[in-house]
Amino acid sequence: MNIKGRDFLTLIDFDNKDINSLIELAQKLKQEKKDGKPHHLLKDKTLAMVFAKPSLRTRVSFEVGIQQLGGNAVVLKQDEIILGQRETISDTARVLSRYADGIMIRTFAHNDAVELAKYSDVPVINALTDFTHPCQVLADLLTVKEKFGSFDNLKLAYAGDGNNMANSLLAGCAIMGIDVSIACPEGFEPDLDLIWKCKDISIGSGAKIEVVQIPSEAVEGANIVYTDVWASMGQEKEAEKRRKIFKNFQVNEKLMKKAAQNAIVLHCLPAHRGEEITEETLEKHANTIFEQAENRLHAQKAVMASIM
Ligand code: CP
Ligand code: NVA
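No experiment lies behind these values; they were computed from the predicted model shown.

Peer 1: Let's hear about the site of ligand 2: which residues, and what values?
Peer 2: By nearness alone, every residue bordering ligand 2 is listed as Leu-128, His-133, Asn-163, Asn-164, Asp-228, Val-229, Ser-232, Met-233 and Leu-269. In this structure, Asn-164 approaches ligand 2 through a side-chain N or O atom, which is 2.8 Å from a nitrogen atom. At 2.6 Å, a side-chain N or O of Asp-228 approaches a nitrogen atom of ligand 2. Protein chains bury 95% of the 270 Å² of accessible surface belonging to ligand 2 in isolation. Broken down by class, the residue content of the shell around ligand 2 amounts to 4 nonpolar, 4 polar and 1 charged.

Structure, rendered in structure tokens:
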């Protein structure tokens, strides 16, 4: 794999070999960290981190990750940078490229991340937009590989909003050959254009892709059951309305009975217990879910070390 200098904006920009190599590198870095073996692959390199939305996992895992690689981070929050308002995104990109060796961005409009990457001379990493969250799904794939040993003969079911997580999971599964069934209410499906692109990719990978409206249909025989909040960052005002629309899409013990034996539950977090997942189901699968959160660190170190 040689992806040096490339942006990491969406998973579909990468093929099965690239993703496999990133996961293998993440596994190696995770083991080395456990063994206390330093790996200063980005010695003295700087990552600029731009946040237009809140974060716990992304902020800490990127900052700790670049430090463990021998580099350092500069964090820019929305009130400091006011992305696209204080100055153009293209000017921001050209300035940051003069100071930093890589830029990480979390923002609303996906096109803003694309615009930043277009004008940046250094690689840009998408750390969540309204459209996708590729770093999360890379960590999820690492978790799946750790739990099942490979990506063969697996089905992932997602119940809830066809949001950035659903979009990225579709892409990740299509590329890796994991069957994927997404259940969402009518009008809340994943991005249609992306569904078609993923169907195209699945011709090569063998993944079966479906979007349904009944959670128990999606979860039938699934090895991995995934959910995410019903109201994403920026949709807080719709939360009440969405609670009603999504009430039958909760991941709970009754739904889990439809899944395969020993199925795992994944959640990108933050979780809203009693909404998209019950306290009982989350706690039953807490070990996996927090390992998944830890894996953000290892997966993103692999991305940074490979592109920066
Ligand atoms: N899963 C995730 O991206 O978490 P944060 O929003 O806390 O970064
Ligand atoms: N869909 C959620 C994911 C959070 C990691 C959001 O965008 O808020």
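Now that the structure has been shown, the text picks up again.
Peer 1: Before we move on, can you summarise the nonpolar core with the specific residues and values?
Peer 2: Ranked by size, the top nonpolar core spans 63 residues in total, and within it Phe-8, Ile-19, Phe-62, Ile-125, Leu-156 and Met-304 carry the most contacts. Here the element with the most residues in this core is helix 7 (residues 164-176); it accounts for 9 residues. When near neighbours in sequence (up to four residues on either side) are disregarded, Met-304 contacts Leu-42, Leu-47, Phe-62, Gly-65, Ile-66, Leu-69 and Ile-125. Counting 21 residues, the second largest nonpolar core, distinct from the first, contains Ala-159, Val-251, Leu-282 and Ala-293.

Peer 1: Just give me the short version of the sheet that holds strand 3 (residues 102-106), but keep the residues and values in it.
Peer 2: The 4 strands lie next to each other as 2-1-3-4, forming an open sheet whose pairing is parallel. The open sheet has two free edges, formed respectively by strand 2 (72-77) and strand 4 (124-126), since each of these has just one partner strand. Each adjacent strand pair in this sheet contributes to an overall mean axis angle of 20°, direction not counted. In this sheet, strand 2 lies alongside strand 1 (residues 46-51) in parallel orientation, the contact comprising 6 bridges. Note that in strand 2 the partner of Val-50 across the bridge is Leu-76. Strands in contact with helix 4 (residues 89-99) are strand 1, strand 2 and strand 3; relative to strand 1, the strand with the most contacts, it is inclined by about 150°.

Peer 1: Give a description of the layout of surface pockets that names residues and reports values.
Peer 2: Approximately 440 Å³ is the volume found for the largest pocket. As for the largest pocket, its lining consists of 26 residues, of which Val-229, Ser-232, Met-233, Leu-269 and Pro-270 are closest to the centre. When residues of the lining of the largest pocket are traced back to their parent elements, those giving at least two are helix 2 (57-68), helix 7 and helix 10 (239-245). Among the residues making up the lining of the largest pocket, the classes are represented as 11 nonpolar, 7 polar and 8 charged. Its boundaries defined by the atoms lining it, the second largest pocket holds a volume of some 190 Å³. What lines the second largest pocket is a set of 14 residues, and nearest its centre among them are Leu-76, Ile-81, Thr-92, Val-95 and Leu-96. Counting residues per element, the ones that place at least two in the lining of the second largest pocket are strand 1, strand 2, helix 3 (78-81) and helix 4. Tallying contributions element by element places helix 4 first for the lining of the second largest pocket, with 5 residues.

Peer 1: Hey, could you go over the site of ligand 1 for me, with residue numbers and the actual values?
Peer 2: Around ligand 1, the neighbouring residues are Ser-55, Leu-56, Arg-57, Thr-58, Arg-106, His-133, Gln-136, Cys-268, Leu-269 and Arg-296. At 2.8 Å, a side-chain N or O of Arg-106 approaches an oxygen atom of ligand 1. For ligand 1, an oxygen atom lies 2.8 Å from a polar atom in the side chain of His-133. Against a free-state accessible area of 260 Å², the protein chains account for coverage of 95% of ligand 1. One can see that ligand 1 is located within the largest pocket.

What counts, and where the lines are drawn
Residues numbered from 1 in each chain as written. Chains lettered and ligands numbered in written order. Predicted model: local features only at pLDDT ≥ 70, side-chain atom pairs only at ≥ 80, totals over all residues. Heavy atoms only, no water. Near = heavy atom within 4 Å. Polar contact = N/O pair within 3.5 Å; in protein donor to acceptor, adjacent residues only side chain to side chain. Areas by Shrake-Rupley, 256 points an atom, 1.4 Å probe, with all protein chains shown as cover. Nonpolar A, V, L, I, M, F, W, Y, C, P; charged D, E, K, R; others polar. Core = buried A, V, L, I, M, F, W, Y, C linked by side-chain atoms within 4.5 Å. Buried < 20%, exposed > 50% of the residue type's maximum accessible area, 1.4 Å probe, protein only. Helix = DSSP H or I, 4+ residues; strand = E, 2+ residues; numbered from the N terminus. Contact = heavy atoms within 4.5 Å. Pairing = 2+ DSSP bridges. Axes fitted to C-alpha atoms, helices over the stretch in contact; angles between N-to-C directions. 1 Å grid on protein atoms, 1.4 Å probe; cavity = no way out; pocket = protein on both sides within 12 Å on 5 of 7 lines; lining within 4 Å. Points joined across faces, edges and corners; volume = space filled by probe spheres on them. Sits in = over half its atoms within 2 Å of the grid points.

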